[in-house]
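Residue-level structure breakdown
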Amino acid sequence: LQSAIQREKLELELLPGAEILCLPDTVVMAENGHLPTLADTDYVLTEFYFDESYAFMDETLSRIALCGYRPVVAHPERYEVIRRDPRLLQRWARQGYVLQLNKGSVLGAFGSRAKYTANALLEMGLAHLFASDAHSYHSRTPHMGQIRQWAEEHCDERYAQILLERNPRRILEGRPVVGSD
């Protein structure tokens, strides 16, 4: 597919990646070096069932990190335990886990609780980047225009750049992400 893109002279590069639903055997896969990473870096995009316990999530992320991966936590604002207490993510941020918010959560597509939690995380400066969580070209699309506009209106310019440009690029380059401070 990348060869076809190049033949057509399109300004697009495909990079490997996957969102990994963390289950009990995910740690075994990590220990064996079998987790797919983002753009062949050490970043691994993780997700959990929305009603998963904090203890399971925390232990799984810790063990994945011990295996040399850098966890990127997909849509933490949608996890029930985080909705009840967004401050739980302070520990994960201190441990170097990357917290990725869905654009749909920030924009209200997943309900008021996800929107409230996403905004709380942004106010605390805990979010590292926005993502589309695209599922198709027609619904939950990869288009980031609305979240870019929202960030320009609701975040200071530096934090908007971190969320939309700097940290996504740093992940693709395998470099550490930066925080809001």
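Residues numbered from 1 in each chain as written. Predicted model: local features only at pLDDT ≥ 70, side-chain atom pairs only at ≥ 80, totals over all residues. Heavy atoms only, no water.

A word on the sheet that holds strand S4 (residues 98-102). One open sheet accounts for 5 strands, arranged S1-S2-S3-S4-S5; its pairing is parallel. Of all the strands in the sheet, the pair left with one neighbour each is strand S1 (19-21) and strand S5 (129-131). Going across the sheet, the axis of each strand differs from the next one's by a mean of 35°, ignoring polarity. Relative to strand S2 (residues 43-47), S1 runs parallel, the two being bridged by 3 bridges. Its bridge partner being in S2, Ile20 is matched across the sheet by Thr46. Across the sheet, helix H3 (residues 54-66) lies against S2 and strand S3 (70-74), angled at about 150° from S3, the strand it touches most. (Pairing = 2+ DSSP bridges. Helix = DSSP H or I, 4+ residues; strand = E, 2+ residues; numbered from the N terminus. Axes fitted to C-alpha atoms, helices over the stretch in contact; angles between N-to-C directions. Contact = heavy atoms within 4.5 Å.)

All right, on to the nonpolar core then. Ranked by internal contacts, the top residues of the largest apolar core, which has 37 residues, are Trp92, Leu101, Val106, Leu122, Phe130 and Trp150. Contributions of two or more residues to this core are made by H3, helix H4 (80-84), helix H5 (89-94), S4, helix H7 (112-123), helix H8 (145-154) and helix H9 (157-172). For this core, the leading source of residues is H9, giving 5 residues. If near-sequence neighbours (up to four positions away) are discounted, Trp150 is found in contact with Val106, Leu107, Asn119, Leu122, Phe130 and Cys155. The next biggest cluster of nonpolar side chains, apart from the first, holds 8 residues, and it includes Tyr43, Leu45, Val98 and Ile171. (Core = buried A, V, L, I, M, F, W, Y, C linked by side-chain atoms within 4.5 Å. Buried < 20%, exposed > 50% of the residue type's maximum accessible area, 1.4 Å probe, protein only.)

Along the polypeptide, Gly104 turns up in helix H6 (residues 103-106). Relative accessible area serves as the criterion here: at 13%, Gly104 is assigned to the buried category. Between the C-alpha atom of Gly104 and that of Asp133, which follows or precedes it by 29 residues, the distance is 8.1 Å. If we ignore the near neighbours within four places in the chain, the residues touching Gly104 are Ala109 and Phe110.

Our focus in this paragraph is H8. Regarding H8, the residues found buried are Ile147, Trp150 and Ala151. Seen from one end, H8 has its buried residues packed into an arc of 100°, which puts them on one side. For H8, the exposed residues lying more than 90 degrees away from the buried face are Glu152 and Glu153. As for H8, its buried residues are in contact with H6, H7, S5 and H9. (Arc of directions from axis to C-beta.)

This brings us to H3. Helix length check: H3, at 13 residues, gives a terminal C-alpha distance of 18 Å against a target of 18 Å (1.5 Å per residue), a fit within 8%. Among the residues making up H3, those that are buried are Tyr54, Met57, Asp58, Thr60, Leu61 and Ile64. With its buried residues spanning 165° around the axis, H3 presents them on a single face. Among the exposed residues of H3, those pointing more than 90 degrees away from its buried face are Ala55 and Leu66. On its buried face, H3 sits against helix H2 (26-31), S2, S3, H4 and H5. Following H3 by one or two positions, Gly68 adopts a phi angle in the positive range, close to 100°. (Expected span 1.5 Å × (residues − 1).)

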